[in-house]
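A closer look at the structure
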Amino acid sequence: MYRQPMTRSVYRALVLLCLGLLGACATGPRFEEVATKDTSKSFTTVVVDAGHGGKDNGAYRKFGGAEKLATLDVAQRLSRKLRASGMHTVMTRSSDVFIPLEERVNIENSQKNCIFVSIHFNDSRRRGIRGFETYYHSPNSIELANRIQAKLMTIPRSANRGVHHANFRVLRLAKYPAVLVECGFLSNPREGGEARDSDYRDELADRIAEAIVAQRHGGRRTAKANEAAADVATPFLNHD
Ligand SMILES: [Zn+2]
């Protein structure tokens, strides 16, 4: 790719802009600092968070229906599978109700020794975009995020959009390791269609449960997990 050399005036404007941004960072509001606990290998409880609910549909597409219903179904399946593996689970919601983000965080932070896994489906104006994404905020959550992403990538014909750092409130304010999983794009005809299929939603829950169990009881990080750790796409920051 050919890159146009920078002119002096453009360079000067950039320097001024950077200085301005530095100033803003120094004086502007900061995110709340949360003291995190690393329970990523000792946790006994999994807080399973079904994204959206009630008046908040989340993404809504004709291929996939309302995001809030798909997230609830995957979350319920995930919770059942984790219980079958001997883990204690807490659901932030188990029906179609609206739960504010702060309350979801409170539910997590009031547990003793847990991790938090939030289930979402994605949306884009571009129908061709598809694939799985997993988000984390604290360094304690990276390994779990990588494991979940790598397990999802074992689903046939899946597309990898990578593991990314994000400032979503449910991750940023979490005291324990916390991840948010985007289980595909409802805006994509194929993934939206799959999201309507209960067998497919069960497979999603299966893979996420396997990753959580492997995280708790050890298990080798695969080459795929390391691959998934690489940022491969620009994230869609559509969850606050
Ligand atoms: Zn969502």
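Here the structure is shown first, and the text comes after it.
The subject of this paragraph is helix H7 (residues 198-217). The end-to-end C-alpha distance of H7 is 28 Å, a good match for the 28 Å that 20 residues give at a rise of 1.5 Å each. Burial in H7 covers these residues: Tyr 200, Arg 201, Leu 204, Ala 205, Arg 207, Ile 208, Ala 209, Ala 211, Ile 212 and Gln 215. For H7, the N-terminal cap is Asp 197; the gap from its side-chain oxygen to the backbone nitrogen of Asp 199 is 3.0 Å. Downstream of H7 by one or two residues, Gly 218 has phi in the positive range, about 85°.

This part takes up empty space enclosed by the protein. Under the criterion given, the structure shown has one cavity of 30 Å³ or more. Of the pockets and cavities examined, the largest cavity occupies roughly 60 Å³. Lining of the largest cavity is provided by Arg 130, Phe 132, Ile 155, Pro 156, Arg 157, Ser 158, Arg 190, Glu 191, Glu 194 and Tyr 200. Ranked by residues supplied to the lining of the largest cavity, first place goes to helix H6 (residues 189-195) with three residues.

Turning to the nonpolar core, a few remarks are in order. Ranked by internal contacts, the top residues of the largest apolar core, which has 37 residues, are Val 46, Leu 78, Val 117, Ile 148, Leu 204, Ile 208 and Ile 212. If you list the elements that add at least two residues to this core, you get strand E1 (45-50), helix H2 (67-84), strand E5 (114-122), strand E6 (132-136), helix H4 (142-152), strand E8 (178-185) and H7. Ranked by residues supplied to this core, first place goes to H7 with seven residues. With residues near it in sequence (within four places) discarded, Val 117 still touches Val 46, Val 47, Val 48, Asp 49, Leu 78, Ile 148, Val 179, Val 181, Ile 208 and Ile 212. Val 47, Ile 107, Phe 116 and Leu 180 belong to the second-largest nonpolar core, a separate cluster that totals 16 residues.

Time to look at the side chain of Asn 188. On the secondary structure map, Asn 188 appears in the loop between E8 and H6. Given the relative accessible area of 6%, Asn 188 is considered buried. Among the polar contacts listed, one links the side chain of Asn 188 to the backbone oxygen of Arg 127, at a separation of 2.8 Å.

This part covers unusual backbone geometry. Of note in the backbone geometry, His 52 takes a positive phi value of approximately 65° without being a glycine. His 52 sits in the buried class, given a relative accessible area of 12%. Even without glycine at this site, Arg 157 takes up a positive phi of about 65°. Structurally, Arg 157 is set in the loop between H4 and strand E7 (160-165).

Our next topic: the packing of aromatic side chains. How two aromatic rings sit relative to each other is set out by the distance from centre to centre and by the angle between their planes. Throughout the structure, instances matching the rule amount to one aromatic pair. Each ring, one from Tyr 135 and one from Phe 168, has its centre 5.0 Å from the other, and the planes form 70°; the classification is edge-to-face. Of this pair, Tyr 135 sits in strand E6 while Phe 168 is found in the loop between E7 and helix H5 (169-172), placing the two residues 33 residues apart along the sequence.

Taken together, the six strands give an open sheet; going across it, the order is E4-E1-E5-E8-E6-E7, and neighbouring strands pair in mixed fashion. Edge strands, defined here as strands with exactly one partner in the open sheet, are strand E4 (88-91) and E7. On average, adjacent strands in this sheet sit at an angle of 20° to one another, irrespective of strand direction. Direction of pairing for E1 relative to E5: parallel, over a ladder of six bridges. Bridged to Asp 49 within E5 is Ser 118. The strands that H4 touches are E5, E6, E7 and E8; relative to E6, the one it contacts most, it runs at about 170°.

What counts, and where the lines are drawn
- Residues numbered from 1 in each chain as written.
- Predicted model: local features only at pLDDT ≥ 70, side-chain atom pairs only at ≥ 80, totals over all residues.
- Heavy atoms only, no water.
- Helix = DSSP H or I, 4+ residues; strand = E, 2+ residues; numbered from the N terminus.
- Expected span 1.5 Å × (residues − 1).
- Buried < 20%, exposed > 50% of the residue type's maximum accessible area, 1.4 Å probe, protein only.
- Polar contact = N/O pair within 3.5 Å; in protein donor to acceptor, adjacent residues only side chain to side chain.
- 1 Å grid on protein atoms, 1.4 Å probe; cavity = no way out; pocket = protein on both sides within 12 Å on 5 of 7 lines; lining within 4 Å.
- Points joined across faces, edges and corners; volume = space filled by probe spheres on them.
- Core = buried A, V, L, I, M, F, W, Y, C linked by side-chain atoms within 4.5 Å.
- Contact = heavy atoms within 4.5 Å.
- Phe/Tyr/Trp six-rings, centres within 6.5 Å; stacked < 30°, edge-to-face > 60°.
- Pairing = 2+ DSSP bridges.
- Axes fitted to C-alpha atoms, helices over the stretch in contact; angles between N-to-C directions.

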